[in-house]
Each structure stands twice: as C-alpha cells, then as structure tokens.
Amino acid sequence: SERPDDYEVQLAFNQSFDALDVCVAQHKATKKIGSETQLRGDMEIAVKLNPKGAPLAVNARLPRRYDKSTQLKECIRDAVATVAFPKYDGPPLVAEFETELDAGSEYWD
C-alpha cells in the first residue's frame, strides 16, 4: 500500500493557518482579550487521514489554560477538517502536527 508524502501532508495542513487565526481571533473577542494579547503555548493536532480525501477525524490538544474552551477547540478541529489533504492508495493513517496556538505578531531575535 502507498503512504501519502509527508511534505504534501504538511503543505496541506499549512492551508489551515488562516482559518486557525480566525478561531483565535474569535476566542479573543468572546473572552474580551485584547487582539494584541498573544495566546501562549503550542497545540497538538492529530488528523486521521482518509485515502480518498477529507479527514476521517481531527483531534486537538490545546495548552492547559485553553483546553477546556470547547468553542475554541471545536473551531480548530473544524478548520483543520476542511483541509484538502492529499489522496493516496492505502489504509487510513494518523498525521500529527504541533504548532503555536497563536503565532501573534511578536518577533524574537
């Protein structure tokens, strides 16, 4: 059986970044957090890839302080679930990603 190319899977996941930013902005607005305040920490996302295209399942683990926010977590899961991951000939596989919850606009030297 064939496995999807890791690079193509990562590129597909990167397409979700704009939608993830919208989720973070909505969370800040709902919680009345300033838009310039950065939500710190990394999130872990596991995607069960479907050989035919759309993911079969998406799981998100957020930093402890935000993990109980079901609205934020569901928004993130929905954002990743809409990504067109590459099709392949093989069994469903789990792809795992780790990225900052809120990349923000702070730059580090």
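So, here's what we can say about the structure. (Residues numbered from 1 in each chain as written. Predicted model: local features only at pLDDT ≥ 70, side-chain atom pairs only at ≥ 80, totals over all residues. Heavy atoms only, no water.)

A look at the pattern of salt bridges
When the charged atoms of two side chains with opposite charge come close together, those side chains can pair. On inspection of all chains with the given rule, the structure shows three salt bridges. One salt bridge connects E44 with R61, and the closest N-O pair in it is separated by 3.1 Å. With E44 in strand β1 (residues 42-50) and R61 in strand β2 (residues 53-61), this pair connects stretches of sequence that are 17 residues apart. The exposure class of E44 is partly exposed, given its relative accessible area of 36%. Judged by its relative accessible area of 53%, R61 is exposed. (Salt bridge = Lys/Arg side-chain N within 4 Å of Asp/Glu carboxyl O. Helix = DSSP H or I, 4+ residues; strand = E, 2+ residues; numbered from the N terminus. Buried < 20%, exposed > 50% of the residue type's maximum accessible area, 1.4 Å probe, protein only.)

Observations concerning the pairing of β1
The pairing of β1 with strand β3 (residues 93-100) spans eight bridges and is antiparallel. Paired with I45 across the strands is F97, a residue of β3. The loop that links β1 with its antiparallel partner β2 comprises two residues. (Pairing = 2+ DSSP bridges.)

Here we look at the environment of L39
Among the secondary structure elements, L39 is positioned in the loop between α2 (17-30) and β1. For L39, a relative accessible area of 2% puts it in the buried group. Taking C-alpha positions, L39 is 27 Å from P55, a pair spaced 16 residues apart along the chain. Excluding residues within four positions of it along the chain, L39 makes contact with V24, H27, K28, I33, Y66, L101 and D102. (Contact = heavy atoms within 4.5 Å.)

Re the packing of aromatic side chains
Under the definition given, this model contains three aromatic pairs. Consider the rings of F13 and F17, whose centres lie 5.6 Å apart with planes at 85°: the pair is edge-to-face. (Phe/Tyr/Trp six-rings, centres within 6.5 Å; stacked < 30°, edge-to-face > 60°.)

Some details on the sheet that holds β3
Spatially, the three strands line up as an open sheet ordered β2-β1-β3, and their pairing is antiparallel. Bordering the open sheet on either side are β2 and β3, each of which pairs with just one other strand. Geometrically, the sheet is characterised by an average inter-axis angle of 25° between neighbouring strands, direction not taken into account. Contacting β1 and β3, helix α1 (residues 6-14) crosses the sheet at an angle of about 50° to β3. (Axes fitted to C-alpha atoms, helices over the stretch in contact; angles between N-to-C directions.)

Observations regarding the side chain of Q38
Within the secondary structure, Q38 is located in the loop between α2 and β1. At 3.1 Å, the side chain of Q38 forms a polar contact with the backbone oxygen of A103. (Polar contact = N/O pair within 3.5 Å; in protein donor to acceptor, adjacent residues only side chain to side chain.)

Quick notes on the state of the cysteines
Taken as a whole and judged by the stated rule, the model has one disulfide. Across the disulfide from C23 sits C75; the S-S distance is 2.1 Å. A torsion of -80° about the S-S bond marks the disulfide between C23 and C75 as left-handed. Note that C23 is positioned in helix α2 and C75 in helix α3 (residues 70-81), a separation of 52 residues in sequence. (Disulfide = S-S within 2.5 Å.)

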